[in-house]
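These are the residues of each chain, in order.
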Amino acid sequence: MRVLAAMSGGVDSSVAAALLVEEGHHVTGVTLRLWDNPTDVGCCSVAEIDDARTVANLLGIDHLVWTFVEEFDARVVTPYAAAHAEGMTPNPCIECNRHLKFGRLLRRAGQLGFDAVATGHHARVVDGRLFRGADPLKDQSYVLYVLGRDDLARIRFPVGVLRKAEVRAKASALGLPTADKPDSQDVCFVTTSGGREALLSSRIPLHPGRVVDTAGAEVGRVDALELVTVGQRRGLGTGGGAKRYAISVDTATRTVVVGEAADLLAPAVALTQLCWVDQPVQGPTQVQTSAHGDAVDADFDGSTVRFVEPQRRVAPGQSVVLYRGDEVLGGGIATS
Amino acid sequence: MRLEAVEAMLPFLTERFGNPSGSHAVSREARKALDEARDTVARCLGARPAEIVFTGGGTEADNLAVLGAHAIRPGSTVCSAVEHHAVLHACDALGDNRLAPVDGNGVVDLDRLADLLDRTVSVVSVMLANNEVGSIEPLAEVAALVRERAPQAVLHTDAVQAFSWLDVAALASPADLVAVSAHKFGGPKGVGALVVRQGVKVESIIHGGGQERDRRSGTHNVAGIVAMAAAMRATVDERDATVARIRVLRDRLADGLLASVPGCAETGDRATRIAGNCHVSFEGVESEELLVLLDAAGVYASAGSACASGAVDPSHVLAAMGMSRAQAVGSLRLSLGTSTTAADVDLALEAIPAAVERLRTS
C-alpha cells in the first residue's frame, strides 16, 4: 500500500512512519508547514521539519514539505480568534484535523495516488470504526470525532495500539533522534506566538470587562474579557476569599459572571455542528467535554446532552464527544 | 560538478594539502595554485586579481557586499524587490531598506528606482539575473542612476545566477561589487567570490587571521577555489555555444508546454530571460502536487525558491511581478543546464502534460 505519513518531527509520528515501513508499505513522509513560526523552536519551525527529514532519511523514505499556511490561517487561526471575540473557547486542534490534516491532506493524498494517510495520533481504527488509543493518558480520540467512515477507511494511526512508553522505546530501538523529545503541549500556534493574549491581541480587539456575582453585584474587573474561559478561577480580579469561577462570559454587555463551585455545575449542554463517525446516535452515551477530561454518563436527545450527574459547565465553543465504551460515536460543539 | 573542476581539486584534497598562508614548500605550492586561480577568476569576472575576495559561497559574498559596504558608510540600502534572500535579508537586517519595484517581467522599474535614490543611500543592490524567473536586469542603466542620484553609494550586483548564461565580465562592469557562487556553474558547493573594485572598501564580516587582504579571514579552501577557477574557465570558454544550444531546448520546452497544456502560461517575456530558465504556470493546478508526480516521473522541477526547511515558500519574486496568488501557486520553474539534453526535454514534455491532466481530473 502507498501510505503518506504525516511527520511533525515528534516522536509519535516518527514511530508511526517507522511501523508502516516495517509492515512493508511504500511510505512517503510529509511535514505540513501550517504556521509561519517566527521562532526557531516548536511546531512548524525549520528545526522540527529538519527532525522529520532526518527521521525520514533514517527510515529510507522520501520526505516532502507542504505549505498550508494560508488555509491554516483561514480555517483555524482566524475562526479561533473570531470565536474568542464572541466569548467562546474553541478547540483549534479539532478544526485543524477537520480542515487540514484530514481535509486538505487526505484529499491531496488521494489525488496523488496514495492509498492512505497516517498520523501519530493515539487512537485506533478497527473495521472503519474509531476507538480510543491504547494509552489512556495519551488518548487523542477526542480531537478526531470529526472523521467519518469514508475518511477512516483511508487513515492509519499506527501508534494507537501502543502506550507512550512503548512508542519511545521503539524510537530508541530504531535510533531515531526524536526518541526523547518532549511531548508537544498546548496549541501549536499559540505557543509560538508568545501566548494566547499576544496572539489574540494581534487579531481582535480586547476589551476590559466587569466581573459580577450571580446576584449582579460587581466584584471585580478584567483587562481582557475575551481571554476569560468558563470555568476559570484565577485572574478574575475578585481578590481573595471564597473560590469563584467564571460561569459565563457575555461579550455584548462585557460582563463576566462568577459564582461558587456549585454554580459552575450544569445539568446539560446543547450542541451544534454535529458530526457522526457513522449514523447519528441518540440515547444513553458517555460524553467527554475536554481533551484531557474523563467521560461521564449522559443521555443525548439529538441536540442536547443531559448529564446523569451535573457536570462542570462546558465553555461554549468546546467540543463534546460522544462515546460508547472506547468507541467514538461523534460529537458537536457546545453552544452558549 | 564539471569534470574539469573535480580533476582540478582532487590533488588539493590529497597530496597538495598545504595552507597557502604558511611558509613551507608545500604551502608555497598551495599559494601558487591560489594565485593562479585568482588570476583566472579575475579574468573571467573582468576584474584585477587583487579585486577578488574568495568566500564560502554566494550568500557569504552577498552578505560581505551589503553588510561590509554598509559598515564603511552607514546609511539606507536600496535593493530590487526580486533579490535573492541573501541580499534581501542582509539589507533587511540593516534596518532601513527600500525596495525597488519590478515590472511584470521581473525587471526593475528604473523610474521607481530613481525615486528611491538620494544622498542618504549607502548601498544599492540589483541582481544581474534573477534566480527564479531568470529576468535580466538593466545594470548599466541602474548604475547610471546610482552615480547621478546617489554618487556616494556602492553598487552591488548578485551575479550568482547570471554567470553561466551572461558575459558577467562585461555586464557587471558598472558595479562596484559582484558576487558569484561556484556551484551554479559546475564548481563545488561552499565556495564563491566577491569582486571588490579598486578604491571600494568593505569591512570584513568574518574576523580572524586577515586573509584576503583583511577582507575575509579564514584558511583558504584551496581545493574549492582551484575547482571554482577551473569551472569558471570552462564555463566561459563554452558559454556562447551552451547558451545557443540551451536556448533552442528551452524554447522547445516552453513552446511545447504552451501548445500541449490548456491553461498553461509562460511567466513574463522570454526575451528578457536567461537561456536556462523556463518558468510557466498551470491554471487550477498546485505545483506542490505537480512536483510529487514529476519527481516520480524523473523530472526534477521546482516551485518558488528552495528554503532551508525544504518547503516551497510563496514566492516574493512572483508577488513582486504582480502575479496573483492563485497563479503563483500553480507555477513551475524548469531549469536547464549544461548537461541538459534533448531527451530530457522530451521526457519533460511527456511527463508534465500527463501530470497536469491527472491532477485536473482526479
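Residues numbered from 1 in each chain as written. Chains lettered and ligands numbered in written order. Predicted model: local features only at pLDDT ≥ 70, side-chain atom pairs only at ≥ 80, totals over all residues.

*Asks:* Got a sec to walk through the overall build of chain B? Specific residues and values, please.
*Replies:* Along its length, chain B carries 13 helices and 10 strands. For a compact globule of 362 residues, the expected C-alpha radius of gyration is about 21 Å, and chain B comes in at 21 Å, within 12% of that figure. Principal axes of the C-alpha set define a box for chain B whose edges measure 70 × 50 × 35 Å. Residues counted as buried form 51% of the 362 residues belonging to chain B. The contacts of chain B with a sequence gap of at least 6 include a subset with a gap of at least 24, amounting to 69%. (Helix = DSSP H or I, 4+ residues; strand = E, 2+ residues; numbered from the N terminus. Rg over C-alpha atoms; globule rule 2.2 N^0.38 Å. Buried ≥ 20, exposed ≤ 12 C-beta atoms within 10 Å, placed from the backbone. Contact = placed C-beta atoms within 7 Å.)

*Asks:* So what's going on with the nonpolar core? Which residues, and what values?
*Replies:* In terms of nonpolar packing, the biggest core is built from 214 residues, with Ala 17 of chain A together with Val 178, Leu 194 and Val 226 of chain B touching the most fellow members. Excluding its chain neighbours within four sequence positions, the residues that come into contact with Val 178 of chain B are Leu 45, Thr 157, Ala 159, Val 168, Ala 172, Leu 194 and Val 195 of chain B. (Core = buried A, V, L, I, M, F, W, Y, C linked by C-beta atoms within 7 Å.)

*Asks:* So what's going on with helix H1 (residues 3-13) of chain B? Residues and values would help.
*Replies:* Residue and element names in this part refer to chain B. Within the sequence span of H1, burial applies to Ala 5, Ala 8, Met 9 and Phe 12. Buried residues of H1, viewed axially, fall in a sector of 85 degrees; they line one side. For H1, exposure combined with an orientation more than 90 degrees from the buried face picks out Leu 3 and Glu 7. Contacts from the buried residues of H1 go to helix H2 (25-45) and helix H9 (222-260). (Arc of directions from axis to C-beta.)

*Asks:* Tell me about the domain arrangement of chain A, and name the residues and values.
*Replies:* Residue and element names in this part refer to chain A. One can read the domain layout of chain A as domain 1 (2-191), domain 2 (206-259) and domain 3 (265-334). Centre-to-centre, using C-alpha coordinates, domain 1 lies 25 Å away from domain 3. Counting residues at the interface gives 19 residues for domain 1, matched by 16 residues for domain 3. Ranked by residues supplied to the side of domain 1 that touches domain 3, first place goes to strand E6 (residues 129-132) with four residues. (Domains from an automatic or database assignment.)

*Asks:* Quick rundown of the interface of chain B and chain A? Include the residues and the values.
*Replies:* Contacts between chain B and chain A engage 12 residues on the former and 11 residues on the latter. Of all the elements, helix H10 (residues 287-296) of chain B adds the most residues to the side of chain B that touches chain A, at four residues. Taken together, the residues of the side of chain B that touches chain A break down into six nonpolar, three polar and three charged. (Nonpolar A, V, L, I, M, F, W, Y, C, P; charged D, E, K, R; others polar.)

*Asks:* Talk me through the pairing of strand E5 (residues 123-126) of chain A; I want residue IDs and the actual numbers.
*Replies:* Residues and elements named next belong to chain A. Pairing of E5 with E6, which is carried by four bridges, proceeds in the antiparallel orientation. Within E6, the position partnered with Val 126 by the bridge is Arg 129. Remark: two residues form the turn of the hairpin made by E5 and E6, two consecutive strands paired antiparallel; Asp 127 in that turn has positive phi of roughly 50 degrees. (Pairing = 2+ DSSP bridges.)

*Asks:* With reference to specific residues and values, describe the sheet that holds strand E11 (residues 255-259) of chain A.
*Replies:* Residues and elements named next belong to chain A. Here we have four strands laid out as an open sheet, ordered E9-E8-E11-E10, and mixed in their pairing. Of all strands in the sheet, those bounded by a partner on one side alone are strand E9 (218-222) and strand E10 (245-250). If you compare each strand with its neighbour and ignore which way they point, the axes differ by 25 degrees on average. Sheet topology note: the E10/E11 ladder contains five bridges and is antiparallel. Note on E11: the bridge partner recorded for Ala 246 is Val 258. (Axes fitted to C-alpha atoms, helices over the stretch in contact; angles between N-to-C directions.)

*Asks:* Quick one: what's the story with the sheet that holds strand E7 (residues 192-196) of chain B, residue by residue and with numbers?
*Replies:* Residues and elements named next belong to chain B. Taken in spatial order, the seven strands line up as E1-E7-E6-E5-E4-E2-E3 in an open sheet, and their pairing is mixed. Strands with a single pairing partner mark the edges of an open sheet, and in this sheet they are strand E1 (52-55) and strand E3 (97-100). Strand after strand, the sheet turns through a mean of 20 degrees between neighbouring axes, direction not considered. Where strand E5 (residues 154-158) meets strand E6 (residues 177-181), three bridges bridge the pair, whose relative direction is parallel. Bridge pairing in E6 links His 156 to Leu 177. Running at roughly 160 degrees to E6, helix H3 (residues 58-72) makes contact with E1, strand E2 (76-80), strand E4 (121-125), E5, E6 and E7 of the sheet.

*Asks:* Summarise the packing of H3 of chain B against helix H4 (residues 85-93) of chain B; cite the residues concerned and give the values.
*Replies:* Residues and elements named next belong to chain B. Here H3 crosses H4 at 35 degrees, and the two axes come no closer than 9 Å. For H3 against H4, the interelement crossing comes out right-handed. For the pair formed by H3 and H4, the contact residues are Gly 58, Thr 59, Asp 62, Asn 63, Val 66 and Leu 67 on the first element and Ala 86, Val 87, Ala 90 and Cys 91 on the second. Residue composition of the contact of H3 with H4, by class: six nonpolar, three polar and one charged. (Left-handed = near helix turned anticlockwise from the far one by under 90°.)

*Asks:* I'd like to hear about the domain arrangement of chain B, residue by residue, with values.
*Replies:* Residue and element names in this part refer to chain B. We note that the domain assignment places domain 1 (3-235) and domain 2 (239-361) within chain B. On the domain 2 side, the residues contacting the 22 residues of domain 1 number 21 residues. Counted by class, the side of domain 1 that touches domain 2 contains 11 nonpolar, 10 polar and one charged residues.

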